[in-house]
Amino acid sequence: MNLEAGQTLGEFIIENQKDFKYSSGELSRLISSIKLATKVVNHKVNQAGLVDILGKFGSENIQGEEQQKLDVFANEAFIKTLSQREVVCGIASEENDDFIQITNTVNSHLSKYVVLIDPLDGSSNIDVNVSVGTIFSIYRRVTPEGTPVQIEDFLQKGNQQVAAGYVIYGSSTMLIYTTGNGVNGFTLNPSIGTFYLSHPNMRIPEDGNIYSINEGNYAHFPQGVKDYLKYCQKVEEDRPYTSRYIGSLCADFHRNMLKGGIYIYPSGSKSPNGKLRLLYECNPMAYIAEQAGGKATDGFQRIMDIQPTELHQRVPFFCGSKNMVEKAEELMANS
Ligand code: AHM
Ligand code: MG
């Protein structure tokens, strides 16, 4: 199939607007703005190594993690692009201490939507030319329109998401998203700057044979996770499974989406709630996984049913092929 004659992301957004229950065109404009920001970030990521954009920025984010120059660039690119278009009334970013109230134009606080974003996920991989990504999550505000957004607009359960997606800046750049009617993937043609629908109606295989976890932390894992790893490694007709860990959630998740597999970032004595953030990483990936027929839990409970209590909250994360996640949950419950 020649994708260049196929449907573009812009056309897809407009055509599918009618399927969205609150359809007013506002969400379409918001997703188009995210599309634009991803192209800006993609351009910069592709130049890494040629221009002075690799390496550390020299500061730490709210979680005490060292920020890379590209983290800072991507964060600013998304915030600027979204806030100047009157498409969101608030933004929360993994890179910022607090949420941002968008009040820079007369109409900006009239928007219904807030965006939560991890602008450059897996950024410790940038300097070695390994895939990085962007993850985003969109909610309708719960406080009255026309007033400045409040913390409760951001601390919503994942099951209230109206859209979520991720971008991989990899061997090719892809944008994958859902608005609750399945998951569709688009691949960027970099020479003309257009995303084309390359992966319509994506489904995660119910079973898989890839497990993805930072096994270096094994000693700190809960017993249930250790038991699950033993299960994965046991010699049986369909096992041992294959171990693949890139250390870039978007890339590990995307591989599992296409091939079947499970991604686990469990709790551990070093990190009692794991590493990944509920609002910027786990909820959007959980929404996409479920929309593709997969599953996402914290080992015991559905990720999207967790009531967030703070912006940068972390949770253990088990996500991917339905049957694999259920097996892991069974061993967690038994331990
Ligand atoms: P980041 O948002 O600071 O980049 O952290 C999230 C990343 C994920 O992409 C990845 O799966 C995980 O951290 C890797 O962590 P570790 O190096 O502990 O295995
Ligand atoms: Mg991240």
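See above for the structure.
A few points on the structure. The model shown is predicted, which means the values in this text are computed figures rather than measured ones. (Residues numbered from 1 in each chain as written. Chains lettered and ligands numbered in written order. Predicted model: local features only at pLDDT ≥ 70, side-chain atom pairs only at ≥ 80, totals over all residues. Heavy atoms only, no water.)

This part is about the pattern of salt bridges. Opposite charge on two side chains lets them pair, provided their charged atoms get close. This structure, assessed with the given rule, holds twelve salt bridges. Across the salt bridge formed by Glu 236 and Lys 234, the nearest N and O atoms sit 3.2 Å from each other. Owing to a relative accessible area of 35%, Glu 236 belongs among the partly exposed residues under this scheme. The partly exposed category is assigned to Lys 234, whose relative accessible area is 46%. With its nearest N and O atoms 3.0 Å apart, the salt bridge here joins Arg 255 to Asp 252. (Salt bridge = Lys/Arg side-chain N within 4 Å of Asp/Glu carboxyl O. Buried < 20%, exposed > 50% of the residue type's maximum accessible area, 1.4 Å probe, protein only.)

Here we take up the coordination of the magnesium ion (ligand 2). Only Asp 118 (OD), Asp 121 (OD) and Glu 281 (OE) from the protein reach the magnesium ion (ligand 2) as donors, at distances of 1.9 to 2.0 Å. In terms of primary sequence, the donors binding the magnesium ion (ligand 2) are separated according to D-x2-D-x159-E. Of the two residues examined, Asp 118 and Asp 121, each falls in the buried class. (Donors = N, O, S within 2.8 Å, 3.2 Å for Na, K, Ca; no water.)

Another aspect to go through is the site of ligand 1. In the vicinity of ligand 1, 17 residues are found, and the nearest of them are Asp 121, Tyr 245, Leu 249, Tyr 263 and Tyr 265. The backbone of Leu 249 places a nitrogen or oxygen atom 2.7 Å from an oxygen atom of ligand 1. Glu 281 has a polar side-chain atom sitting 3.0 Å from an oxygen atom of ligand 1. Starting from 470 Å² of accessible surface for ligand 1 in isolation, the protein chains cover 85%. (Near = heavy atom within 4 Å. Polar contact = N/O pair within 3.5 Å; in protein donor to acceptor, adjacent residues only side chain to side chain. Areas by Shrake-Rupley, 256 points an atom, 1.4 Å probe, with all protein chains shown as cover.)

Turning our attention to the sheet that holds strand E5 (residues 113–121). Read from one edge of the open sheet, eight strands run E4-E3-E5-E6-E7-E8-E9-E10, paired in mixed fashion. Two strands close off the open sheet at either side, each with one partner strand: strand E4 (100–101) and strand E10 (194–199). The pairing of strand E8 (residues 173–178) with strand E9 (residues 183–189) spans five bridges and is classified as antiparallel. From the neighbouring strand, Tyr 177 faces E9, where its bridge partner is Asn 184. Packed onto the sheet, helix H3 (residues 69–83) meets strand E3 (90–93), E4, E5, strand E6 (132–140) and strand E7 (163–169) and runs at close to 160 degrees relative to E5. Packed onto the sheet, helix H6 (residues 249–259) meets E5, E6, E7, E8, E9 and E10 and runs at close to 105 degrees relative to E7. (Pairing = 2+ DSSP bridges. Helix = DSSP H or I, 4+ residues; strand = E, 2+ residues; numbered from the N terminus. Contact = heavy atoms within 4.5 Å. Axes fitted to C-alpha atoms, helices over the stretch in contact; angles between N-to-C directions.)

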